[in-house]
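# Remarks on the overall topology
Residue strings, one per chain:
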Amino acid sequence: MELDSLITRANQFGDKTVAVAAAEDDEVLEAVAEAIKRNLASFLLFGNEEKIHELINQKHSGIAESPKLKIIHAGSAASAAEQAVRAVKELKANVLMKGNIPTAGILKAVLNKDFGLRTGNVLSHVAVFEVPGFDRFTIVTDAAMNIAPDLNQKAQIVKNAVDIARCIGIEKPLVAPIAAVEVVNPAMQATLDAAALTLMNKRGQIKDCVVDGPLALDNAISFEAAEHKGIKSEVAGQADVLLVPTIEVGNALYKSLVYFAKAKVGAVIAGAKAPIVLTSRADSAESKVYSLALAICSAK
């Protein structure tokens, strides 16, 4: 599976709108320009109107007169975040995107009790990778939001990932809770949580997927490794979703796939009333476009 297929899939959902908070950022505008070029979405750009116009005219003049672009002035990054979140809340936009504002700043607006996008669910980071040599997407969660999730949080993180997987065509995702070993060890909390999640899935508490763990990473993605260790599992060797135990594991796995394996990636924050694109300055423009396509595919 290739991430370009997400762009094709996103194009089938009609004209979605993305609200960008603090859009006066050259890298974000580069992604916006590419997304418009690919007919992915329309954009509401909230931020310093003068700076946004200046950046567009300097480097992205091709979208200056685009009917898919509207610029709304905001006097500060906090105001831009509030206006962008309100646009999504009021159904004027389908997706929220972070611009030149700290993550904490945009999440403060997202979690605002009066105008935010809270649902009562855990917000979690869902990354979809196109890994060279693999014939399927690899989904990693959670590499950016939840530091050391407990069992209840992990169950909600799984549900968020499953929702995203189903939106991109994986009807019944196979979920592997990752640990250092593939047996339950009372001294290792990750294995206890993995076993509990497996049972919760069997009893219908976690739906629309198959969960089986604990599984070490090699057994989750390699039939040969699972067979060598004698593991019998519906998930082993073919996991769609890798549920990591902590943010450190997720962060290291995410960056290893990008920098060592040269994988392509798109990612969103799931669990709010609309998908949120939180891109990093280290992300390529290509990755930002894939993230936008993923968000559009998962927008309700």
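A few points on the structure.

Running from amino to carboxyl end, helix H6 (residues 151-167) crosses helix H7 (residues 189-202) at an angle of 55°, the nearest separation of the two axes being 10 Å. The pairing of H6 with H7 is recorded here as oblique in orientation. Crossing of H6 over H7 shows right-handed handedness. For the pair H6 and H7, the contacting residues are Leu151, Lys154 and Ala155 in the first and Ala190, Asp193, Ala196, Leu197 and Met200 in the second. Its residues assigned to classes, the contact of H6 with H7 comprises six nonpolar, no polar and two charged.

What follows concerns the environment of Val162. Following the sequence through the fold, Val162 ends up in helix H6. Overall, the relative accessible area of 3% leaves Val162 in the buried class. Each C-alpha atom of the pair Val162 and Thr138 lies 12 Å from the other, and the pair is 24 residues apart in sequence.

Let's shift gears to the nonpolar core. With 60 residues, the main nonpolar core has Leu40, Phe43 and Leu45 as its most contacted residues. Here the element with the most residues in this core is helix H11 (residues 285-298); it accounts for eight residues. Excluding anything up to four places from it in sequence, Phe43 contacts Val18, Val20, Val32, Ala35, Ile36, Lys68, Leu69, Lys70 and Leu292.

A few words on the pairing of strand S7 (residues 174-177). Covered by surrounding structure in S7 are Leu174 and Ala176 together with Val175 and Pro177, the residues of both alternating faces. Sheet topology places S7 next to strand S9 (residues 241-243); three bridges connect them, and they run parallel. Across the sheet, Pro177 pairs through a bridge with Leu243, a residue of S9.

Throughout the structure, instances matching the rule amount to one aromatic pair. Where Phe129 meets Tyr254, the ring centres are 5.2 Å apart and the plane angle is 75°; that geometry is what we call edge-to-face. On the criterion of sequence distance, the pair formed by Phe129 in strand S5 (residues 124-130) and Tyr254 in helix H10 (residues 247-259) is long-range, its members being 125 residues apart. No difference in accessibility class separates Phe129 from Tyr254, as the two residues are buried.

In this section: the environment of Val184. Mapping Val184 onto the fold places it in the loop between S7 and H7. Separated by 21 residues in sequence, Val184 and Asp163 place their C-alpha atoms 27 Å apart.

This brings us to the packing of helix H4 (residues 77-89) against helix H5 (residues 103-110). Where H4 contacts H5, the axes come no closer than 9 Å and their chain directions differ by 45°. If you check the angle between H4 and H5, you find them oblique. Handedness of the H4/H5 crossing: right-handed. On the side of H4, the interface is formed by Ala81, Glu82 and Val85, while H5 contributes Gly105, Ile106, Ala109 and Val110. Of the residues contributing to the contact of H4 with H5, the split by class is five nonpolar, one polar and one charged.

On to H6, then. Structural remark: α-helix, 3.6 residues per turn; residues separated by three or four positions point the same way. The terminal C-alpha atoms of H6 lie 25 Å apart, and with 17 residues this matches the ideal 24 Å at 1.5 Å per residue to within 8%. Taken residue by residue, H6 has Lys154, Ala155, Gln156, Ile157, Val158, Asn160, Ala161, Val162, Ile164 and Ala165 as its buried positions. For H6, the N-terminal cap is Asp150; the gap from its side-chain oxygen to the backbone nitrogen of Asn152 is 3.2 Å.

A few words now on unusual backbone geometry. Of note, the bond from Thr141 into Asp142 is cis; its omega dihedral lies within 30 degrees of zero at 10°. If you trace the backbone, Asp142 turns up in the loop between strand S6 (138-141) and H6. Looking along the chain, the bond that leaves Gly213 and enters Pro214 is cis, with omega of 10°. Residue placement: Pro214 occurs in the loop between strand S8 (210-211) and helix H8 (217-221). At Leu91, a position not held by glycine, the phi torsion is positive, near 65°. Relative to the assigned elements, Leu91 resides in the loop between H4 and strand S4 (95-98). For Leu91, a relative accessible area of 75% corresponds to the exposed category. Positive phi outside glycine occurs at Asp208, with the angle close to 65°.

With that out of the way, let us pick up the pattern of salt bridges. According to the stated counting rule, one finds nine salt bridges in the structure shown. Linking Glu34 and Arg38 is a salt bridge whose minimum nitrogen-to-oxygen distance equals 3.0 Å. The class of Glu34 is partly exposed, set by a relative accessible area of 24%. Taking relative accessible area as the criterion, Arg38 reaches 33% and is therefore assigned partly exposed. A salt bridge links Arg86 to Glu82; its shortest N-O distance comes to 2.9 Å. Of this pair, Arg86 and Glu82 both sit in helix H4, four residues apart, which is roughly one turn of that helix. Accessibility expressed as a relative area gives 33% for Arg86, which makes it partly exposed.

Rules behind the numbers
Residues numbered from 1 in each chain as written. Predicted model: local features only at pLDDT ≥ 70, side-chain atom pairs only at ≥ 80, totals over all residues. Heavy atoms only, no water. Axes fitted to C-alpha atoms, helices over the stretch in contact; angles between N-to-C directions. Helix = DSSP H or I, 4+ residues; strand = E, 2+ residues; numbered from the N terminus. Parallel < 35°, antiparallel > 145°, perpendicular 65-115°, else oblique. Left-handed = near helix turned anticlockwise from the far one by under 90°. Contact = heavy atoms within 4.5 Å. Nonpolar A, V, L, I, M, F, W, Y, C, P; charged D, E, K, R; others polar. Buried < 20%, exposed > 50% of the residue type's maximum accessible area, 1.4 Å probe, protein only. Core = buried A, V, L, I, M, F, W, Y, C linked by side-chain atoms within 4.5 Å. Pairing = 2+ DSSP bridges. Phe/Tyr/Trp six-rings, centres within 6.5 Å; stacked < 30°, edge-to-face > 60°. Expected span 1.5 Å × (residues − 1). Polar contact = N/O pair within 3.5 Å; in protein donor to acceptor, adjacent residues only side chain to side chain. Salt bridge = Lys/Arg side-chain N within 4 Å of Asp/Glu carboxyl O.

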